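# Remarks on the overall topology
Listed here are the chains, written in short residue letters.
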Amino acid sequence: MTAALVTTNIGYLVLAFLPPILWLLFYLHEDRRPEPKILLTLTFLGGMASAFVAIFAEYFSLGEWGILSNLFGITVESHIFLFFFVIAIIEEYVKYLPFKFLVSNREDFDEPVDAMIYMMTAAMGFAAFENILFTFPTFQASFFSGFEIVTNRFLGANLLHALSSAVVGFFIARSFLSPYHHHFIALGIIVASILHTLFNYLILIGRTLPLGFMYLFFLLLVMTIMVLIEFEQLKRRNINFER
């Protein structure tokens, strides 16, 4: 009985980790000079840790006794779009932290496209942890319900995290080629947060809109095209960052 329970739980974890890892492997093929596996692993784990930071930050900002509700009277019911934007900007910023502390000063970070690769790696760690939180209780009730959620997140939230962090990575790469370094990074986080907010908002209202699913599909399609174009732009820049 215990062995069966352990095996089942391991199966749940594999399914929770599988979607972000598949997306990560897909985008790693865009890097012509593969990154050190140990640094990619550390960045992935850093992304998982950043999800803890996001949970606490969102609670203290948006919870019942949070800063926005207590000081400014902002609630989900009264300012839903702003509520989603605060969530998005917290998550996009914390996904940037593993890159900042684990990667940005390493010698292995030596070409522009690396910024997008490492940012997406951190994002997939973040998404893996989210998958566990969202799907594990469901798996306990019904394997097929949990599997359905994992599939939906693979095509939705997991892809969104990869694409939005890739956008931040693009701005990071461009920032090293500009005297306005920090401004570029801040702008990237804001742009990614706006796209993230639109995704969450469309999920909320999608069922009440005609062809609501198509709006989500179109948003993800546009973001995917943007990211692929950004990858190609950076790969053409054979510039080593100066240390």
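Residues numbered from 1 in each chain as written. Predicted model: local features only at pLDDT ≥ 70, side-chain atom pairs only at ≥ 80, totals over all residues. Heavy atoms only, no water.

With that settled, the discussion passes to the overall build of the protein. Along its length, the protein carries nine helices and zero strands. Evaluated residue by residue, the protein yields a buried proportion of 49% over its 243 residues. Here the protein displays about 13100 Å² of accessible surface, and carbon together with sulfur accounts for 71% of that area. (Helix = DSSP H or I, 4+ residues; strand = E, 2+ residues; numbered from the N terminus. Buried < 20%, exposed > 50% of the residue type's maximum accessible area, 1.4 Å probe, protein only. Areas by Shrake-Rupley, 256 points an atom, 1.4 Å probe, with all protein chains shown as cover.)

The next subject is a nonpolar patch on the surface. Taken together, the side chains of Leu-211, Phe-213, Met-214, Phe-217, Phe-218, Leu-221, Val-222, Ile-225 and Ile-229 define a hydrophobic patch exposed on the protein surface, amounting to about 920 Å² of accessible area. Among the secondary structure elements, Phe-213 is positioned in helix α9 (residues 212-235). (Patch = residues over 30% accessible without salt bridge, like charges linked within 9 Å, V, L, I, M, F, W, Y side chains within 5 Å. Salt bridge = Lys/Arg side-chain N within 4 Å of Asp/Glu carboxyl O.)

Where helix α7 (residues 157-175) meets helix α8 (residues 181-205), the closest approach of the two axes is 8 Å, and the angle between their N-to-C directions is 160°. In terms of orientation, α7 and α8 fall into the roughly antiparallel class. Pair α7 / α8 crosses with right-handed handedness. For the pair formed by α7 and α8, the contact residues are Ala-157, Leu-160, His-161, Ser-164, Val-167, Val-168, Phe-171, Ile-172, Arg-174 and Ser-175 on the first element and His-181, Phe-184, Ile-185, Leu-187, Gly-188, Ile-189, Val-191, Ala-192, Leu-195, His-196 and Phe-199 on the second. Along the lines of polarity and charge, the residues of the contact of α7 with α8 split into 14 nonpolar, six polar and one charged. (Axes fitted to C-alpha atoms, helices over the stretch in contact; angles between N-to-C directions. Parallel < 35°, antiparallel > 145°, perpendicular 65-115°, else oblique. Left-handed = near helix turned anticlockwise from the far one by under 90°. Contact = heavy atoms within 4.5 Å. Nonpolar A, V, L, I, M, F, W, Y, C, P; charged D, E, K, R; others polar.)

A separate point is the packing of aromatic side chains. Within the structure shown, the criterion is met by eight aromatic pairs. Look at Tyr-93 and Tyr-96: their rings are 6.1 Å apart centre to centre, the planes differ by 50°, and that puts the pair in the tilted class. On the criterion of helical spacing, the pair formed by Tyr-93 and Tyr-96 is a turn pair, its members being three residues apart in helix α4 (residues 80-103). Under the relative-accessibility criterion, Tyr-93 is labelled partly exposed at 41%. Pairing Phe-99 with Phe-109 gives two aromatic rings, centres 5.1 Å apart and planes at 85°, and the pair type is edge-to-face. With Phe-99 in helix α4 and Phe-109 in the loop between α4 and α5 (113-141), this pair connects stretches of sequence that are ten residues apart. This pair shows no difference in class: Phe-99 is buried, exactly as Phe-109 is. The rings of Tyr-93, Tyr-96, Phe-99 and Phe-109 are connected pair by pair, giving a single aromatic cluster. Lys-95 extends its terminal NZ or CZ atom over the ring of Phe-126, reaching a point 5.9 Å from the ring centre. The side chain of Lys-100 reaches across the aromatic face of Phe-101, ending 5.8 Å from its centre. (Phe/Tyr/Trp six-rings, centres within 6.5 Å; stacked < 30°, edge-to-face > 60°. Lys NZ or Arg CZ within 6 Å of the ring centre and 35° of its normal.)

On to the nonpolar core, then. Within the largest apolar cluster, 58 residues are counted, with the highest numbers of intra-cluster contacts made by Tyr-27, Phe-99, Met-124, Ile-172, Val-227 and Phe-231. If you list the elements that add at least two residues to this core, you get α1 (2-28), α2 (37-62), α4, α5, α7, α8 and α9. If one sorts the elements of this core by residue count, α5 sits on top with 13 residues. With residues near it in sequence (within four places) discarded, Met-124 still touches Pro-20, Trp-23, Leu-24, Phe-44, Asn-158, His-161 and Ala-162. (Core = buried A, V, L, I, M, F, W, Y, C linked by side-chain atoms within 4.5 Å.)

What follows deals with the packing of α4 against α7. Where α4 contacts α7, the two axes come as close as 10 Å, and the packing angle between them is 60°. On the basis of the axis angle, α4 is oblique to α7. Relative to α7, the crossing made by α4 is right-handed. In this structure, α4 uses Glu-91, Glu-92, Lys-95, Tyr-96 and Phe-99 to contact α7, whose residues at the interface are His-161, Ser-164, Ser-165, Val-168 and Ile-172. Its residues assigned to classes, the contact of α4 with α7 comprises four nonpolar, three polar and three charged.

Turning our attention to α8. Counting along an α-helix, one turn takes 3.6 residues, and residues three or four places apart therefore face a common direction. Taking 1.5 Å as the rise per residue, α8 with 25 residues should run 36 Å; its terminal C-alpha atoms sit 37 Å apart, in good agreement. Those residues of α8 that sit buried are Ile-185, Gly-188, Ile-189, Ala-192, Ser-193, Leu-195, His-196, Thr-197, Phe-199, Asn-200 and Leu-202. (Expected span 1.5 Å × (residues − 1).)

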